[in-house]
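Architecture and fold: a report
Spelled out, the chains give:
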Amino acid sequence: MSHNHHHHSASKNLGLAFFLNLAFTILELVGGYWVNSVAIISDAIHDLGDSISLGFSWLMERKAKSAPTKRFSFGYRRFSLLGALINSIILILGSVFVIKEAIDRLISPEIPDAKGMLIFAVFGVAVNGYAAWKLSGGKTLNEKVITWHLLEDVLGWVAVLIASIAIYFWEIPLLDPILSLAITAFILWNVIKRLKETILIFLQSQPAEIDRKKVEKELLEIAGICSVHHTHIWSLDGERHVFSTHLKLKKETVLEEITTIKQEVKKRLEKFHFEHITLETELEGDPCEFE
């Protein structure tokens, strides 16, 4: 009951954060052109990517309750990777557009509306701060990742707030495009890292936090196991991992002992929190094409 309640709460909080972020992104895009600020437009592009990420996270949180189907036997976990990939591409394309606009402003400086920037900055800190607070107690990976995104947005808006005050008093036209380039560079750095991680998971690379050799060495400590081979570890979505291996057992091992050995293997693997475990057993002398 507690798990179901939290699952409902997580979905509700992600949905609230999504609609808040999407509404504010639209307001930013319109307002950025209105106050003539590429810094606000660059943050709007970032928020657009975050809105898409929030939307996918929200849908995946709801979809996670669905049981595996005939076509999707592992369930719908991997769909979140598709969302991350689309989100990253949108952010990169948007960042290229913002960089072009910022460079044009550096070549031909224009004074943005400092008062308008200030108003949007206050709204930005308030909206993103509230959404981050709603998700701050979240226990799911989706909630934790999105909370960090929203906190980054809050810091970005604090920077815009400081810049708007500086432009209001000193009229520094280059400050807006310079701030825009700094925000965009920070966003691109993080997006490229996330895109690399997403592609590696798509290509079924081994999770970085798990050492396959150490896992195999631990399994070899179990009485009755002679060798371990054809071990594969990959991830469904970066959080939920899959494990499979072949266990070579002593020739005199009987059926009851095989069951006991399998139970011990699964017990040893509990600390890795694998979502799916597949074990194949063979006796000494039995041929194996993967050995």
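Residues numbered from 1 in each chain as written. Predicted model: local features only at pLDDT ≥ 70, side-chain atom pairs only at ≥ 80, totals over all residues. Heavy atoms only, no water.

Where an unreviewed UniProt entry is consulted, the protein appears under the name Cation diffusion facilitator family transporter, with the organism given as Algoriphagus marincola. The Subcellular location (unreviewed entry) comment attached to the protein in UniProt states, word for word, "Membrane". Turning to the protein, the UniProt record has this under Sequence similarities (unreviewed entry): "Belongs to the cation diffusion facilitator (CDF) transporter (TC 2.A.4) family. SLC30A subfamily." (UniProt positions renumbered as here; feature names shortened; annotations may be inferred.)

Counted according to the given criterion, the structure contains eight salt bridges. One salt bridge connects R212 with E216, and the closest N-O pair in it is separated by 3.6 Å. Separated by four residues within a single helix, R212 and E216 lie in helix α7 (residues 212–219), roughly one turn from each other. Residue classification places E216 among the buried residues on the basis of a relative accessible area of 10%. Through salt bridges with shared partners, a single ionic network connects E221, E264 and R268. (Salt bridge = Lys/Arg side-chain N within 4 Å of Asp/Glu carboxyl O. Helix = DSSP H or I, 4+ residues; strand = E, 2+ residues; numbered from the N terminus. Buried < 20%, exposed > 50% of the residue type's maximum accessible area, 1.4 Å probe, protein only.)

Moving on: the sheet that holds strand β3 (residues 274–283). In space, the three strands of this open sheet follow the order β1-β2-β3, with mixed pairing throughout. Where the open sheet ends on each side, the last strands, each with one partner, are β1 (225–235) and β3. Going from strand to strand, the sheet's axes swing by 15° on average, the running direction of each strand aside. Examined bridge by bridge, β1 and strand β2 (residues 241–249) share eight bridges and lie antiparallel to one another. (Pairing = 2+ DSSP bridges. Axes fitted to C-alpha atoms, helices over the stretch in contact; angles between N-to-C directions.)

All right, on to the UniProt feature "transmembrane region" (unreviewed entry) in the protein then. With numbering aligned to this structure, UniProt lists the feature "transmembrane region" (unreviewed entry) at residues 14–34, 79–99, 114–133, 145–168 and 174–192. Taken end to end, residues 174–192 has its terminal C-alpha atoms 27 Å apart, with 95% of it in helix and 0% in strand.

The pairing of β2 with β3 spans nine bridges and is parallel. Residue pairing for β3: F243 is matched across the bridge by I277. Note on the crossover from β2 through helix α8 (residues 255–269) to β3: the handedness is right-handed. (Right-handed = clockwise from strand over helix to strand, strands pointing away.)

What follows covers the packing of helix α3 (residues 79–107) against helix α6 (residues 175–202). Packed helix pairs are characterised by how far apart their axes lie and by the angle those axes make with each other. Two elements in contact, α3 and α6, have axes whose closest approach is 9 Å; the angle formed by their N-to-C orientations is 155°. By the criterion of interaxial angle, the relationship of α3 to α6 is roughly antiparallel. Note that α3 runs across α6; the crossing there is left-handed. (Parallel < 35°, antiparallel > 145°, perpendicular 65-115°, else oblique. Left-handed = near helix turned anticlockwise from the far one by under 90°.)

This brings us to a nonpolar patch on the surface. There is a patch of nonpolar side chains on the surface, built from L106, L118, V122, I165, Y168, F169, W170, I172, L174 and I178 and spanning about 950 Å² of accessible area. Taken together, the elements giving at least two residues each to the nonpolar patch come down to α4 (114–135) and α5 (141–170). Take the nonpolar patch: its biggest share by element is four residues, from α5. Inspection of the secondary structure puts I178 in helix α6. Judged by its relative accessible area of 45%, I178 falls in the partly exposed class. (Patch = residues over 30% accessible without salt bridge, like charges linked within 9 Å, V, L, I, M, F, W, Y side chains within 5 Å. Areas by Shrake-Rupley, 256 points an atom, 1.4 Å probe, with all protein chains shown as cover.)

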